[in-house]
Amino acid sequence: MNYHLNHLKELESESIFVIREVASQFENPVILFSGGKDSILLTYLAQKAFYPARIPCPLLHIDTGHNFSETLEFRDRLVDQLGVKLIVGSVQEAIDQGRATEEKGYNASRNILQTQVLLDSLEKGKYDAAMGGGRRDEEKARAKERFFSHRDEFGQWDPKNQRPELWNLFNSRKHIGEHFRVFPISNWTELDVWQYLLMEKVELPSLYFSHQRDCFVRDNVIYADSEFIRKRPEEKVERMQVRFRTIGDMTCTGAVASEADTLEEVVKEITVSRVTERGTRADDKRSETAMEDRKKQGYF
């Protein structure tokens, strides 16, 4: 086995070890599932970790109501294949009940509204650990987190309150009402993820591959045309050949012009790309510390 495969296998082993640690140390864990490639990878690794048994915890998806239809179709198909329980937290329901307030204007997004719905869903399910597909290379705020990320009784994260993780020893002690976010693929890079998905031939939503779609450009970001996004008069819709590097709420997720329509082509494209993965996410551009601010409030 060459170095490349050894590297991916080492990452796989590390992640599976962390997933099994979660199962052994916590009473009621859950997997956060967005329908994006990282959460799909995490779910795939959890499947490997407990095979031939089923994944012993449910998947939790926070539905903004503004998701890509391809994401929801893939999610439902995967859940059926795995035979796992799916919990859906609804942002639209939170808005209808007055627990969340819809943003207004051209740049309105429901992405930030996911935070309260996530916290409500974790509290309702009494989950003491939520595994997510966050990676340290994605964004500078995420680089501060360790595998086991402690959250207080309000679901908030304090970057100064990071526990040491020496020799793969994880401290899961907490007070009543607190919980942990756990990131088993922390040490993976975007390229690692794509290379592993290629090696394992993991199925992904069609959004990740080149396709034609009606789009418009705003602030140098390509957005999919959608009834959920209010367009300015000068913003014109045109047919484009695009794919998505990251998948989230349609109102803040940008596409990239691309001809990569296979996993092999995507890997080649990512290898030479000079734009970060989250460079197409409008929610990260609201302020210099947008991600860290959301995380301190209880965001993924």
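Scroll up for the structure.
First things first, this report covers the structure right here in the doc. Since we're looking at a predicted model, the values are computed, not measured.

This part covers helix H2 (residues 37-50). For H2, with 14 residues, the first-to-last C-alpha span of 20 Å sits near the 20 Å given by 1.5 Å per residue. Taken across its 14 residues, H2 has 12 buried, putting it largely inside the fold.

This part is about the pattern of salt bridges. Per the stated rule, a full pass over the model turns up 19 salt bridges. For Arg99, the salt bridge goes to Asp120, with nearest N and O atoms at 2.4 Å. Note that Arg99 is positioned in the loop between helix H4 (91-96) and helix H5 (114-125) and Asp120 in helix H5, a separation of 21 residues in sequence. You can call Arg99 partly exposed: its relative accessible area is 38%. Note that Arg239 is salt-bridged to Asp214, the shortest N-O span being 3.2 Å. Of the two residues, Arg239 sits in strand E9 (residues 238-243) while Asp214 sits in strand E7 (residues 211-218), which places them 25 residues apart along the sequence. A single salt-bridge network, built from bridges that share partners, covers Lys9, Glu12, Lys48 and Glu200.

On to the packing of aromatic side chains. According to the stated counting rule, one finds six aromatic pairs in the structure shown. Both rings, one in Tyr44 and one in Tyr196, keep their centres 6.2 Å apart while their planes meet at 70°; by these two values the pair is edge-to-face. Of this pair, Tyr44 sits in helix H2 while Tyr196 is found in helix H6 (residues 190-200), placing the two residues 152 residues apart along the sequence. What makes Tyr196 buried here is its relative accessible area of 0%. Note on Trp188 and Tyr196: the rings are 5.2 Å apart at their centroids and 85° apart in plane angle, and the pair reads as edge-to-face. For the pair shown, Trp188 and Tyr196 are each scored as buried. An aromatic cluster of three or more residues is present, and its members are Tyr44, Trp188 and Tyr196. It is Arg230 that lies over the ring of Tyr106; its NZ or CZ is 4.3 Å from the centre.

Criteria and thresholds
- Just so you know, the residues in each chain are numbered from 1, in the order the chain's sequence is written.
- With the structure being a predicted model, the display of local features is reserved for residues of pLDDT at least 70 and the display and counting of side-chain atom pairs for 80 or more, all residues being used for whole-chain, interface and lining totals.
- The basis for the side-chain values is all heavy atoms of the structure; hydrogens and waters are excluded.
- Secondary structure elements are taken from DSSP: a helix is a run of H or I of four residues or more, a strand is a run of E of two residues or more, and numbering for both begins at the N terminus.
- Take the number of residues in a helix, subtract one, and multiply by 1.5 Å to get its expected span.
- Exposure classes here rest on a 1.4 Å probe applied to the protein chains alone. A residue is buried below 20% of its type maximum, exposed above 50%, and partly exposed in between.
- Only one rule defines a salt bridge in this text: a Lys or Arg side-chain nitrogen within 4 Å of an Asp or Glu carboxyl oxygen.
- Pairing of aromatic rings covers Phe, Tyr and Trp, the last through its six-membered ring, and needs centres within 6.5 Å; plane angles under 30 degrees mean stacked, over 60 mean edge-to-face, and all others mean tilted.
- Charges are assigned to positions over rings by a cutoff of 6 Å between ring centre and Lys NZ or Arg CZ, combined with an angular limit of 35 degrees from the ring normal.

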